[in-house]
Amino acid sequence: MRLFKEANMIQKRTKIRELLRMKPEGQSLTVMGWVRTFRNNQFIALNDGSTNTNLQVVAPLGVFDETLLKRITTSASLKIEGSLVPSSGKGQAMELVATSIEVLGDSDPEKYPLQPKKHSLEFLREIAHLRFRTNTFGSVFRVRHSLAFAIHQFFNERGFVYLHTPVITASDAEGAGEMFRVTTLPFDNPPRNEDGSVNFREDFFGRATNLTVSGQLEGELGATAFGEIYTFGPTFRAENSNTTRHLAEFWMIEPEMAFYDLEDNMNLAESFIKYIIGYAMEHNREDLEFLAQRLQEEEKALPQDKRSEWTLLEKLEFVLKNDFERITYTEAIDILLQSPAYKKKKFQYDVKWGIDMQSEHERYLVEKHFRKPVIVTNYPKEIKAFYMRQDDNGKTVAAMDILAPGIGEIVGGSQREERMDKLTARMREMHIPEEELYWYLDTRRFGTVPHAGFGLGFERMVQFVTGMGNIRDVIPFPRTPKSAEF
Ligand code: ATP
Ligand code: MN
């Protein structure tokens, strides 16, 4: 490894983000990074990933020989020593006047796919292995990092235990979606039972297994011992929906809390969302300003009435400062039935009590009617999972979904059914085998308590904060139907 032969290489390096906060007074510094542009055989725009702002490095004319200068091409990696001085040029407050330049790695400009110009997000998706080197993706993934960090901090401050639920599971208890099978059986000739079906007793785990669609049921086991837990891990759904909001592999945060009712659950979810947005606004100001600018540029191509009224930062500010709207499902349906959109037959799907609201309905509520995040509660039991707590009316359950402008459903949660008789009755109605879930039912058998929890789709949250329209652009390596490159 030629690159790391020098001891203390890293200790000598100043990150550009830190450097740009210094007072330029001729101090000698070492920077390392990748060339974004090289102008007039003299000015290098260097980026090291710590910030979107490039450092201007000046290679004084006549100091460096031609063969070295020829190797300073877009994306070549450099180690530069120099002195930091105030800049006389426009566009930057300071610059580094190079005294030594070492090329760590060459980059052939004929072959490097990123040019110093605007590339479409679609094109960048095809070269996702290099897109971190663009301003847009640099900002998106630094914000993603901050949000992940803030999530752990939020729960840690409140005494929640981070519980690692399994990635490989044997149950599709939730029935949340299509699952990916995990097997080591030969698929051309699997062992069979007498009736011809595949004999999974011969499989690796001695039973049929899948990738998890949710860690909730295991989360409830944790909550009924630790009080408050959260999970934060990858989740898999083999749903064949090619939308801008669905991935086959995504990250989900699932807090689960004993001694919480539906209202406690909503309060926690709302403060949680505000906390992590606030954290990113405080720590990623520059990235968010860049993304806000990008969004405005992108929206210039849209007709006036399709553009956002607010900038990205104004939207985030608004979400922080205002209470989320809270309505019941029944109220939501009434609003939709009274809406001009419904009366003018603008909805593609029908509206009546009992429907699973479509994205167009959710968007009407948050974007047209309330113009802010909305928490919808008490959904019909028929469209929700078996474990949600049954309301006294016999029709609805203590569910809550949070809908966000531009995204739709961002959180799905509920108070859980803690009453054994009610829970098993519902399981029987929904043909969910009790024997298989004996371990889950033990929480109700041995010291059951009121409890609640929710799931937040991490990528949808990152979309909301960064303003990125397509979920494929907020996860480093998106997995979607027919696509698992890199
Ligand atoms: P949707 O109706 O949007 O498909 P869902 O009802 O299937 O969502 P839940 O099962 O409640 O969602 O999952 C909890 C959260 O996980 C959702 O609120 C959403 O933020 C996120 N989520 C669900 N499916 C996906 C997916 N395929 N890709 C990314 N995030 C997802
Ligand atoms: Mn879904």
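What counts and what doesn't
- Residues numbered from 1 in each chain as written.
- Chains lettered and ligands numbered in written order.
- Predicted model: local features only at pLDDT ≥ 70, side-chain atom pairs only at ≥ 80, totals over all residues.
- Heavy atoms only, no water.
- Pairing = 2+ DSSP bridges.
- Helix = DSSP H or I, 4+ residues; strand = E, 2+ residues; numbered from the N terminus.
- Buried < 20%, exposed > 50% of the residue type's maximum accessible area, 1.4 Å probe, protein only.
- Polar contact = N/O pair within 3.5 Å; in protein donor to acceptor, adjacent residues only side chain to side chain.
- Contact = heavy atoms within 4.5 Å.
- Near = heavy atom within 4 Å.
- Areas by Shrake-Rupley, 256 points an atom, 1.4 Å probe, with all protein chains shown as cover.

If you walk across this open sheet you meet the three strands as β7-β9-β8, and the pairing is antiparallel. At either margin of the open sheet sits one strand with a lone partner, and together these are β7 (168-169) and β8 (181-182). Strand direction decides the pairing type here: β8 and strand β9 (residues 209-211), joined by two bridges, are antiparallel. Following the sheet pairing, Arg 181 is matched in β9 by Asn 210.

What follows deals with the side chain of Gln 56. Assignment of secondary structure puts Gln 56 in strand β3 (residues 55-58). Given the relative accessible area of 12%, Gln 56 is considered buried. Within polar-contact distance, the side chain of Gln 56 engages the side chain of Glu 95 at 3.1 Å. When near neighbours in sequence (up to four residues on either side) are disregarded, Gln 56 contacts Arg 39, Phe 43, Ile 44, Ser 87, Gln 92, Glu 95 and Leu 96.

What follows covers the site of ligand 1. The environment of ligand 1 is formed by 15 residues, the closest being Glu 239, His 246, Leu 247, Glu 409 and Arg 460. Taking Leu 247, its main chain carries an N or O atom lying 2.9 Å from a nitrogen atom of ligand 1. Note that an oxygen atom of ligand 1 is positioned 2.9 Å from one of the backbone N or O atoms of Ile 410. Summarising the interface, the protein chains cover 82% of the accessible area of ligand 1, which totals 590 Å² for the free molecule. With four residues, the top contributor of residues to the shell around ligand 1 is strand β15 (residues 408-415).

So, to be careful, I would describe these as geometric facts and stop short of saying anything about function.
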